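# Inside the fold
Residues per chain, in single letters:
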Amino acid sequence: MLVLTKSDVSKVIDEFLNTDDLIDNQRNALISFSKGKVQNPLRSTIKSGNHNLLYMPSSVDHQAIGMKVVAVPLPTASVKVKSDGLPGATIVHDESTGLVEGLVNATELTALRTASSSLLGTSLFVPKSANPRKMVIFSTGKQAYNHAALFYRFYKESIDEITYWNHSSTSLDILNSSMFDFVDTEIIQSVIASSEGKRVDEKLSTADIVICCTPSLVPLFRSDKVKEGAHITLIGSYKPEMQEIDTRLIHDAGDSIIVDSRSDCAEEAGEFIRAGTDLSKVHTLGDLLQDGSSYLKRNGRVSIYKGVGIGIQDSSIARLILDKAKRNDIGTHIDFN
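Here the structure is a predicted model, which is why all the values come from computation and not from measurement.

All right, on to the packing of helix H1 (residues 6–16) against helix H12 (residues 311–327) then. Contact geometry of H1 with H12 gives a least axis separation of 10 Å together with a crossing angle of 80°. When the axes of H1 and H12 are compared, the pair comes out roughly perpendicular. Facing Val-9, Val-12, Ile-13 and Phe-16 of H1, the residues of H12 in contact are Ile-321, Lys-324 and Ala-325. When its residues are assigned to classes, the contact of H1 with H12 shows 6 nonpolar, no polar and 1 charged.

Turning our eyes to something else, we now look at the sheet that holds strand E12 (residues 231–234). On the basis of which strands lie adjacent, the open sheet formed by 8 strands has the order E10-E9-E8-E11-E12-E15-E13-E14 and parallel pairing. Because the sheet does not close on itself, it has two edges, and the strands there are strand E10 (188–193) and strand E14 (283–284). Of the strands in this sheet, strand E11 (209–212), E12, strand E13 (257–259) and strand E15 (303–306) are in contact with helix H4 (residues 107–125), which crosses E15 at around 160°. Contacts from helix H7 (residues 197–206) reach strand E8 (134–138), strand E9 (161–166), E10 and E11 within the one sheet, and its direction differs from that of E10 by about 135°.

Let us look at the domain arrangement of the protein chain. Looking at the assigned domains, one finds that the protein chain contains domain 1 (2–109 + 312–333) and domain 2 (111–310). On a C-alpha basis, the centres of domain 1 and domain 2 stand 22 Å from each other. Contact with domain 1, which involves 34 residues of that partner, is made by 27 residues of domain 2. With both chains or domains summed, domain 1 and domain 2 bury close to 2700 Å², and 61% of this area falls on carbon and sulfur atoms. Counting the surface domain 1 buries against domain 2, the share from its top three residues, Leu-30, Arg-43 and Gln-313, is 21%.

What follows deals with helix H5 (residues 142–154). With 13 residues, H5 ought to run about 18 Å at 1.5 Å a step, and its terminal C-alpha atoms sit 18 Å apart, in line with that. All buried positions along H5 are accounted for by Gln-143, Ala-144, Asn-146, His-147, Ala-148, Ala-149, Leu-150, Phe-151 and Tyr-152. Elements that come into contact with the buried residues of H5 comprise helix H2 (19–34), H4, E8, E9 and E11.

Okay, the pairing of strand E5 (residues 64–73) next. When you tally the buried positions in E5, you get 7 out of 10 residues, the bulk of the element. Sheet topology note: the strand E4 (residues 51–60)/E5 ladder contains 10 bridges and is antiparallel. Opposite Ser-59, over in E5, you have Ile-65 as the bridge partner. Taking the residues between adjacent antiparallel strands as the criterion, E4 and E5 are bridged by 3 residues, where His-62 takes a positive phi near 65°.

Under the definition given, this model contains 7 aromatic pairs. Ring centres of Phe-138 and Phe-221 lie 5.0 Å apart, and the angle between their planes is 35°; on these two criteria the pair is classed as tilted. On the criterion of sequence distance, the pair formed by Phe-138 in strand E8 and Phe-221 in the loop between E11 and E12 is long-range, its members being 83 residues apart. Both residues of the pair, Phe-138 and Phe-221, count as buried. Aromatic side chains Phe-154 and Tyr-155 sit 4.8 Å apart centroid to centroid with 90° between the ring planes, which places their arrangement in the edge-to-face category. Residue Tyr-155 is classed as buried on the basis of its relative accessible area of 2%. Here the aromatic residues Phe-138, Trp-165 and Phe-221 are joined through ring pairs into a cluster of three or more. Against the face of Phe-154 rests Lys-128, its NZ or CZ located 4.7 Å from the ring centre.

Before going further, it helps to examine the packing of H4 against H12. Between H4 and H12, whose axes approach to 10 Å, the crossing angle comes to 115°. Taken together, H4 and H12 sit at an angle that is classed as roughly perpendicular. Here the hand of the crossing between H4 and H12 comes out right-handed. For the pair H4 and H12, contact is made by Leu-109, Leu-112, Arg-113 and Ser-117 and by Gln-313, Asp-314, Ile-317, Ala-318 and Ile-321, respectively. Within the contact of H4 with H12, the residues separate by chemical class into 5 nonpolar, 2 polar and 2 charged.

Looking now at the pattern of salt bridges. Evaluated as defined, the whole model comprises 22 salt bridges. Its salt-bridge partner being Lys-11, residue Glu-15 comes within 3.0 Å of it at the nearest N-O pair. Here Lys-11 and Glu-15 lie together in helix H1, a separation of 4 residues that amounts to about one turn. Exposure remark for Glu-15: the relative accessible area of 47% places this residue in the partly exposed category. The shortest N-O distance in the salt bridge between Lys-324 and Asp-21 comes to 3.2 Å. Taken as a pair, Lys-324 in helix H12 and Asp-21 in helix H2 lie far apart in primary sequence, 303 residues in all. Members of the salt-bridge network, linked through shared partners, are Arg-133, Lys-134, Asp-160, Glu-161 and Lys-203.

Here is what the cut-offs are and how they apply
- Residues numbered from 1 in each chain as written.
- Predicted model: local features only at pLDDT ≥ 70, side-chain atom pairs only at ≥ 80, totals over all residues.
- Heavy atoms only, no water.
- Axes fitted to C-alpha atoms, helices over the stretch in contact; angles between N-to-C directions.
- Helix = DSSP H or I, 4+ residues; strand = E, 2+ residues; numbered from the N terminus.
- Parallel < 35°, antiparallel > 145°, perpendicular 65-115°, else oblique.
- Contact = heavy atoms within 4.5 Å.
- Nonpolar A, V, L, I, M, F, W, Y, C, P; charged D, E, K, R; others polar.
- Pairing = 2+ DSSP bridges.
- Domains from an automatic or database assignment.
- Buried area = accessible area lost by both parts, 1.4 Å probe.
- Expected span 1.5 Å × (residues − 1).
- Buried < 20%, exposed > 50% of the residue type's maximum accessible area, 1.4 Å probe, protein only.
- Phe/Tyr/Trp six-rings, centres within 6.5 Å; stacked < 30°, edge-to-face > 60°.
- Lys NZ or Arg CZ within 6 Å of the ring centre and 35° of its normal.
- Left-handed = near helix turned anticlockwise from the far one by under 90°.
- Salt bridge = Lys/Arg side-chain N within 4 Å of Asp/Glu carboxyl O.

Set out below in C-alpha cells:
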C-alpha cells in the first residue's frame with residue numbers, strides 16, 4: 001500500500017499535475033456518472049464535536065474504486081478549526097484484487113476537484129469570450145482559494161478584480177497577503193468582512209461571477225443586490241438545512257441551472273429544497289459534457305451552478321494523484337497485507 005501524506009500530495013500537485021490533467025480527470029468522472037457507469041451511494045454523515053464527518057464510497061469500472069472520508073467544520077467551529085480546511089483521506093482499492101492500494105490525504109484534493117467541476121459548470125454559462133471582469137467569493141478557506149486560483153487562470157485575460165468575503169474582521173491583513181499569491185497580473189484585490197454590509201452590496205452589484213463556499217444556514221446576501229446577468233456558483237451547502245442564497249434568486253434563474261447530481265441535490269441542497277425546485281427540469285453537468293456542449297444561453301436574470309460533490313470525483317482524483325506518485329517515486333510503501 002502506498003501512503004501519500006499532505007506534503008506528498010502537495011509535491012505531486014506542484015510538480016506533476018497540470019490544469020488540463022485535473023480538468024480532464026473530473027470531466028471524465030462526471031461523464032461516467034452521467035452514463036450510469038458509476039456506483040455512487042448517497043453519502044453518510046456522522047456528527048462529531050466540531051465537524052460533520054462525511055463518508056463517500058464510489059466506483060467506476062476500470063478507472064477508480066474507493067471511499068473518501070472528510071471532516072467538514074460546523075458553522076459553530078472555531079476560526080482555528082475552520083482554518084485547517086477539510087481534513088480527510090481517500091482509500092483507493094485495486095479493482096481486480098480488492099486490496100487497499102493507496103491511502104491518499106484528501107485535504108487539498110477536495111478543494112481541487114470541487115473547483116474543477118465548478119469551473120466546468122460555470123464556463124458553460126460564462127465562456128472566456130464573455131470576458132467576465134469581477135469575481136466575489138464568499139469564504140476565505142481552501143475552497144475559496146482554489147476556486148479563485150483556478151477561475152483566475154481560466155479567465156486571466158479579462159478578470160480585473162477579485163474580492164473575498166470573510167466571516168469576521170480578524171486577520172484581514174494576513175488574508176490579503178496569502179489569498180492572492182497566484183495572481184501575476186495587475187488586478188484589484190480585497191478581503192472584506194461580513195460586517196461591512198455596504199461594501200459587500202457594492203461588490204455584488206458589479207460582480208460577473210459570485211462563488212459561495214460556506215455551510216451557511218441562512219442566505220449570505222440579498223438577491224436584489226446581485227446584478228442581472230451574473231453567474232452564481234454554489235458549493236458550500238450540503239445538507240437540507242443549509243442555504244447560501246435565498247429562494248428568490250433560485251426562481252430568478254428560471255431553468256438556467258446546472259447541478260452535478262439531481263438525486264443528490266434533491267436530498268442535500270437546501271436552496272432547492274426550500275424553493276421547491278423541480279430538479280427534473282434542470283441541466284446536469286455530466287449530461288452537458290457528454291453531449292459536447294460548450295455554451296448555454298441564459299434565459300433567467302442569473303445563472304446558477306450547484307455542486308454538492310459526487311463520490312466518484314474523489315475516487316477519480318485520488319487515483320490520478322496515486323498513479324502520478326507511483327511514477328515519480330513519491331510516498332511511503334507499507335506492507336498492509
